[in-house]
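Read off the chains here:
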Amino acid sequence: MRNLQDLRKDLRIFAKYHLRHPVEAYPAREEELGLVELPFDLDAYVAELAAFEGERFAVRREAELSYDGRLHPMITLRSRAPARATLLVIAGIHGNERASLLAVPEILQRFEPARGVRLVMIAPANPIGAQQLSRYNAHGYDINRDFKRFETEEARAIRAVYERERPDFVISLHEGPHDATFMFTNHYVPRTVVNRTLAALAAAGTKLATRDYFGLPLSPPGLSAWTRLTRAVHTLWAVAPGLMPTIQYSSVRAIPEIVLESSWREADGQTRIRPHVELVDAVSRALASRS
Ligand SMILES: [Zn+2]
């Protein structure tokens, strides 16, 4: 039997991660819930992404966020080859979920323009949070709850990318406290894409979760579909406190979106990066075969 103290703690954590907006004094290091920190340096990271400028990719500074006396760039990379479909990948909208950022160079290397899919990547989507190991931006906002009011510069910059690039499919890369990988999808994601993606993750050795972070069983493993509970949570976010994540924003625009949630409890960086690389590759293959 759970005691009242446990319940209070659960409610506090739920409110912190899903409802309060903004939190008080941030950015602050976010090491709760078993997060194993992966090393990250914003300057080195931006230089690494800038080096992709060339025949395959165009690189630009989408926004520059000011904090602590310096500018923190948000980068977009766009593949140059002509294509029939555009895949937008948002990496690191929660700054402490660093595997999603560290996966980006490998995603870009693996990308095959001959498939006829255009890749647009935003990284880091929360550059101050990335540098500070913070889920939130400099003003304590969870950017991934700000796609209704657009109070943050980061969410407005990401919205501008949606409007300019007109994606046919969106992937948002995350990590979390669960001990295995799963994904959320909105109801625009075709079932065939879901199945192929889960198969690709499993084949590459990713452990797929059998429960989501609400403790609900996942069937098939690795998929948290658009259930009545998730719909209720999203409705609560959107209606009561005016909070909206990217997946809901994509839904409003009738764009399929997959949100990947891998485990931040894993200490090995490569193991953490792999699901992000495999997911983008699998969706890009699926889009290529459809278009
Ligand atoms: Zn996240």
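Figured I'd write up the structure that's included with this text. (Residues numbered from 1 in each chain as written. Predicted model: local features only at pLDDT ≥ 70, side-chain atom pairs only at ≥ 80, totals over all residues.)

Some points on the overall build of the protein chain
Then comes step 1: Summing up its helical and strand segments, the protein chain has ten helices and eight strands in all.
Then comes step 2: With 291 residues in all, the protein chain has 46% of them scored as buried.
Then comes step 3: Considering only residue pairs separated by 6 or more positions, the protein chain has 77% of its internal contacts joining residues 24 or more positions apart. (Helix = DSSP H or I, 4+ residues; strand = E, 2+ residues; numbered from the N terminus. Buried ≥ 20, exposed ≤ 12 C-beta atoms within 10 Å, placed from the backbone. Contact = placed C-beta atoms within 7 Å.)

A word on helix H7 (residues 191-203)
Then comes step 1: For H7, with 13 residues, the first-to-last C-alpha span of 18 Å sits near the 18 Å given by 1.5 Å per residue.
Then comes step 2: Taken as a whole, H7 has its buried residues at Val193, Val194, Thr197, Leu198 and Leu201. End-on view of H7: buried residues confined to an arc of 125 degrees, all on one side of the axis. Exposed and facing more than 90 degrees away from the buried side of H7 are Arg191, Thr192 and Ala203.
Then comes step 3: Buried-residue contacts for H7 involve strand S6 (182-185), strand S7 (223-224) and helix H10 (269-290).
Then comes step 4: Following H7 by one or two positions, Gly205 has its phi on the positive side, about 90 degrees. (Expected span 1.5 Å × (residues − 1). Arc of directions from axis to C-beta.)

Focus on unusual backbone geometry
Then comes step 1: Along the chain, Ala123 connects to Pro124 via a cis peptide bond; the corresponding omega equals -15 degrees.
Then comes step 2: At the junction of Ser219 and Pro220, the peptide bond is cis and its omega measures out at 0 degrees in the coordinates.
Then comes step 3: Along the chain, the position of Pro220 falls in the loop between H7 and S7.
Then comes step 4: Even without glycine at this site, Asp68 takes up a positive phi of about 60 degrees.
Then comes step 5: Along the chain, Asp68 turns up in the loop between strand S1 (57-67) and strand S2 (70-79).
Then comes step 6: Taking the C-beta count within 10 Å as the criterion, Asp68 has 10 such neighbours and is therefore assigned exposed.
Then comes step 7: With a phi close to 60 degrees, Ala254 is a non-glycine residue in the positive phi region.
Then comes step 8: Along the polypeptide, Ala254 turns up in the loop between helix H9 (246-252) and strand S8 (257-263).

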